[in-house]
Amino acid sequence: MEAYKNRPKEPEGPIVYDGSKIYAQQCVACHQGQGQGLPGAFPPLAGSEWVTGAPEISIKVLLHGLGGEIQVKGNTYNGAMPAFGAVLNDAEIAAVISHIRGSWDNGAGEVTEEQVATIRADIGSRGAWTAAELAEYF
Ligand code: HEC
C-alpha cells in the first residue's frame with residue numbers, strides 16, 4: 001500500500017491544454033514551425049484566410065479533414081488534410097485552433113471547447129470537406 005499512499009494528487013479543476021504543444025505534436029510535420037507550410041505540398045497557416053476567417057472553418061477542417069483543390073494566399077494546393085476528430089478531444093481541438101489563430105501575426109480570436117462540441121454534434125461523422133463547401137463562410 002506504500003505506492004498508493006505516495007500517489008500524486010489528482011489535478012484540480014478542468015485540464016488546460018497547451019495549443020502550442022499539440023501543434024508541435026500533430027501539425028508541425030506538415031505545416032512547419034512558423035506555420036509557413038511547404039510550397040507545393042502543405043499550405044501555410046500563417047496568414048491563411050481560412051485560419052483567420054470564421055472559426056467554423058478550422059473546426060470543420062480539424063474534425064473531418066479537407067481534400068481537393070484549395071487556394072491559400074494565392075497558391076493552389078491539392079492534398080489531403082487528415083481528420084483529427086478521433087485523435088483529439090474538443091478541448092484539444094479548441095486549444096490548437098486558438099494557437100494557430102493567435103500565432104504568426106494571425107491575430108484572430110480564440111475558439112472554445114463548446115464551439116467545437118456544437119459542430120461535432122451537429123455534423124456527426126462524415127468524410128473530408130472540400131474548400132468549396134467551406135467557402136460559404138466568406
Ligand atoms: C499529413 C500532413 C498534415 C498534417 C499532419 C496536418 N495538416 Fe493541415 N493540411 C494539410 C493539407 C495537405 C492541407 C490542404 C488540403 C487540400 O489540399 O485540400 C491542409 C489544410 C489545413 C487547413 C486549411 C488550409 C490552410 O492552409 O489554412 C488548416 C486550417 C489546417 N490544415 C490545420 C491543421 C492543424 C491545426 C493541424 C494539426 C492538428 C494540421 N493541419 C495537421 C496537411 C496536414
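Residues numbered from 1 in each chain as written. Predicted model: local features only at pLDDT ≥ 70, side-chain atom pairs only at ≥ 80, totals over all residues. Heavy atoms only, no water.

- Identification of the chain as Cytochrome c from Pelagicoccus enzymogenes is taken from an unreviewed UniProt entry.

1. Some remarks on the environment of leucine 88
- Within the secondary structure, leucine 88 sits in the loop between strand E2 (75-81) and helix H6 (90-102).
- Distance in space between the C-alpha atoms of leucine 88 and tryptophan 129 is 18 Å, their sequence separation being 41 residues.
- The residues contacting leucine 88, other than those within four sequence positions of it, are Ile22, Gln26, Ile93 and Arg120. (Helix = DSSP H or I, 4+ residues; strand = E, 2+ residues; numbered from the N terminus. Contact = heavy atoms within 4.5 Å.)

2. Observations regarding the pattern of salt bridges
- A complete count under the given rule lists 2 salt bridges for this structure.
- With a shortest N-O distance of 2.6 Å, aspartate 90 and arginine 120 are connected by a salt bridge. In this pair, aspartate 90 is assigned in helix H6 and arginine 120 in helix H7 (residues 113-123), connecting sequence segments 30 residues apart.
- Judged by relative accessible area, which is 16%, aspartate 90 ranks as buried.
- With a closest N to O distance of 3.2 Å, arginine 126 and glutamate 133 form a salt bridge. (Salt bridge = Lys/Arg side-chain N within 4 Å of Asp/Glu carboxyl O. Buried < 20%, exposed > 50% of the residue type's maximum accessible area, 1.4 Å probe, protein only.)

3. Some remarks on the site of the ligand
- For the ligand, the set of nearby residues contains 27 residues, the closest of which are Cys27, Cys30, His31, Ser48 and Met81.
- Here an oxygen atom of the ligand sits 2.7 Å away from a polar atom, N or O, in the main chain of glycine 79.
- Mapped by element, the contributors of at least two residues to the shell around the ligand are helix H3 (28-31), helix H4 (49-52), helix H5 (55-64), strand E1 (66-72) and E2.
- Residues belonging to the shell around the ligand are distributed by class as follows: 20 nonpolar, 7 polar and no charged. (Near = heavy atom within 4 Å. Polar contact = N/O pair within 3.5 Å; in protein donor to acceptor, adjacent residues only side chain to side chain. Nonpolar A, V, L, I, M, F, W, Y, C, P; charged D, E, K, R; others polar.)

4. A few points about the UniProt feature "domain: Cytochrome c" (unreviewed entry) in the chain
- In this numbering, the UniProt entry assigns the feature "domain: Cytochrome c" (unreviewed entry) to residues 14-104.
- Secondary structure across residues 14-104 comprises 43% helix and 15% strand; the distance between its end C-alpha atoms is 28 Å. (UniProt positions renumbered as here; feature names shortened; annotations may be inferred.)

5. Digging into the coordination of the iron atom of the ligand
- Distances from the iron atom of the ligand to its protein donors, namely His31 (NE2) and Met81 (SD), fall within the range 2.0 Å.
- Each of the 6 donor atoms bound to the iron atom of the ligand contributes to angles spanning 86 to 179 degrees, and the resulting shape is octahedral. In this pair, histidine 31 sits in helix H3 while methionine 81 sits in strand E2, placing the two residues 50 residues apart along the sequence. (Donors = N, O, S within 2.8 Å, 3.2 Å for Na, K, Ca; no water. Tetrahedral: all angles 85-135°; square planar, octahedral: opposite > 155°, others 65-115°.)

6. Examining the environment of glycine 68
- Turning to its location among the elements, glycine 68 is positioned in strand E1.
- Note on glycine 68: relative accessible area 30%, which makes it partly exposed.
- The spacing of glycine 68 and asparagine 78 is 10 residues in sequence and 5.1 Å in space, taken between C-alpha atoms.
- Excluding residues that lie within four positions of it along the chain, glycine 68 makes contacts with Tyr77, Asn78 and Gly79.

7. Quick word on unusual backbone geometry
- Residue glutamine 32 is not a glycine yet carries a positive backbone phi of 75 degrees.
- As for its position among the elements, glutamine 32 is in the loop between H3 and H4.
- Phi at lysine 73 is positive, roughly 50 degrees, even though this residue is not glycine.
- Summarising the element assignment, lysine 73 is placed in the loop between E1 and E2.

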